[in-house]
Amino acid sequence: MSAHSTMHRILVVGGGGREHALAWKIAASPRAESVFVAPGNAGTALDTRMTNVAIADDDTQALVDFARENEITLTVIGPEAPLAAGVVDGFEAAGLACFGPDAAAAELEASKSFSKDFLYRHDIPTADYAVFTDDAAAIDFIASLPPPIVIKADGLASGKGVEIAPDRPSAETAAQRMLADSGRIVVERYLEGEEASFMVMVDGTHIVPLASSQDHKPAFDGDTGPNTGGMGAYSPAPVVTDAVAERAMRQIIEPTVHGMAADGRAFRGFLYAGLMIDSDNNPRVLEFNVRLGDPETQPICMRLASDLVDLVEAGVNGDLNTLEPVWHDQVALGVVMASAGYPGSIEKGHAIRGLDAVDNTAIAFHAGTRLGDDDSVRTAGGRVLCMTALGSSIADAQASAYRGAAAIDWPGAWYRGDIGHRALERRQDL
């Protein structure tokens, strides 16, 4: 155990549900001497095992200064914006251990056109596509595709820069609007199948797959309504069979990691492939994220039996091949509780009632929350909480998560009532 006995002072960068779950799992490690979260949220503020730091997640210099002054030995970057902005480059230049891709590798998520061109160049399965900076050319290409048609803004869009247009006129409208906003779009052929999130840890060379998961992007029950950052998730995902996972590793993840290294952009950090799995169980890449998904992180952290500090340390040191994570056999499911109006404009500042009433079978991971002056917990974002529970089956975990959600309220609070329905339909014994 000598290689894994060093105590660490750890900084988690970010303030959402993903970061609360990461900090919660890291703080459970016997190797975590202290855990800081920058900027954190009300959930991390109320957990006595961690300390919030009032630094914005993209303020690289302030984060590096804090890490130096507080003898931080391991930093984990949660969100995509700081990664794309080069926060890892800043830490590495200062000689500080930091888990996450540098700015060059983060382009896999930061630029949809870079990502699609990379996939095409390395012969990794994805949808047919073209990249446009010009309305007329985009409209010509749209005319060649059968609807529905997928339009993507090129830059970071927090999981919301994608529109699936049901017909050509709406595709043209979406293309013109996104071009006006971002200057560059990707138009691609719609893929049929079932979506899943396939996440791995990478140390530049070696790859450790995490448990499979599936999220619900549409806002409303029955997977209807506008796309969101994710309204709930569960792990494992029944659609990701052992055969699908093996294909995803061999046809997608391994060629991506090798291709990035070959292109001089070696990838280190959490890599998330959004996959579409067709009726023949063939996975194709919908998108890459260069960080863990939110809300998938919350169920995955609940199912992880291994020490996350060991895994992150191995990721930084380049020896992930020496570890294999262990997972609880149970199913985990998380239900996102959102503010009125989400994913559109929302009100902030409502007091959240009932957090103390949640029974011990569920955990309320905080996302868009802050502490009020009176130490009350208040809403501070669109996705406010992710009520997450472990269970012996999908139905069992679902029941616990919804029981927890029902205990909590604030003006306008809402959530989907059917998180996990695809898994229940696919495999009744879950």
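Anyway, here's the lowdown on the structure attached to this text. A quick note: this is a predicted structure, and the numbers were derived from the prediction, not measured.

### Here's the deal with the sheet that holds strand 12 (residues 214–215)
Read across the sheet, five strands follow the order 12-15-18-22-19 without closing on themselves; strand pairing throughout is antiparallel. The open sheet terminates on both sides in strands that have one partner only, identified here as strand 12 and strand 19 (362–366). Direction of pairing for strand 15 (residues 232–235) relative to strand 18 (residues 331–338): antiparallel, over a ladder of four bridges. Looking at the pairing, G232 lines up with V335 of strand 18. Helix 13 (residues 394–406) rests against strand 15, strand 18, strand 19 and strand 22 (383–391) of the sheet, and its axis sits at about 30° to strand 18.

### Examining the packing of helix 8 (residues 135–143) against helix 9 (residues 168–182)
Here helix 8 crosses helix 9 at 150°, and the two axes come no closer than 10 Å. Between helix 8 and helix 9, the angle is such that the two are roughly antiparallel. Between helix 8 and helix 9 the crossing geometry is right-handed. For the pair formed by helix 8 and helix 9, the contact residues are D135, I139, I142 and A143 on the first element and R168, A171, E172, A175, Q176 and L179 on the second. The residue inventory of the contact of helix 8 with helix 9, partitioned by class, reads six nonpolar, one polar and three charged.

### Some remarks on the pattern of salt bridges
Counted according to the given criterion, the structure contains 24 salt bridges. Across the pair R184 and D154 runs a salt bridge whose closest N-O atoms are separated by 3.6 Å. With R184 in the loop between helix 9 and strand 9 (185–189) and D154 in the loop between strand 7 (149–153) and strand 8 (162–165), the pair connects residues that are 30 residues apart, well separated along the chain. Counted as one network, the salt bridges with shared partners bring together R18, E19, E80, E109 and R291.

### Remarks on the packing of aromatic side chains
Counted under the stated rule, the structure contains eight aromatic pairs. Ring centres 6.4 Å apart and planes at 20° place the aromatic pair F114 and F118 in the stacked group. Placement of the pair is F114 and F118 together in helix 7 (residues 112–121), with a separation of four residues, close to one helical turn. This pair shows no difference in class: F114 is buried, exactly as F118 is. Aromatic side chains Y402 and Y415 sit 5.9 Å apart centroid to centroid with 40° between the ring planes, which places their arrangement in the tilted category.

The rules behind the values
- Residues numbered from 1 in each chain as written.
- Predicted model: local features only at pLDDT ≥ 70, side-chain atom pairs only at ≥ 80, totals over all residues.
- Heavy atoms only, no water.
- Pairing = 2+ DSSP bridges.
- Helix = DSSP H or I, 4+ residues; strand = E, 2+ residues; numbered from the N terminus.
- Contact = heavy atoms within 4.5 Å.
- Axes fitted to C-alpha atoms, helices over the stretch in contact; angles between N-to-C directions.
- Parallel < 35°, antiparallel > 145°, perpendicular 65-115°, else oblique.
- Left-handed = near helix turned anticlockwise from the far one by under 90°.
- Nonpolar A, V, L, I, M, F, W, Y, C, P; charged D, E, K, R; others polar.
- Salt bridge = Lys/Arg side-chain N within 4 Å of Asp/Glu carboxyl O.
- Phe/Tyr/Trp six-rings, centres within 6.5 Å; stacked < 30°, edge-to-face > 60°.
- Buried < 20%, exposed > 50% of the residue type's maximum accessible area, 1.4 Å probe, protein only.

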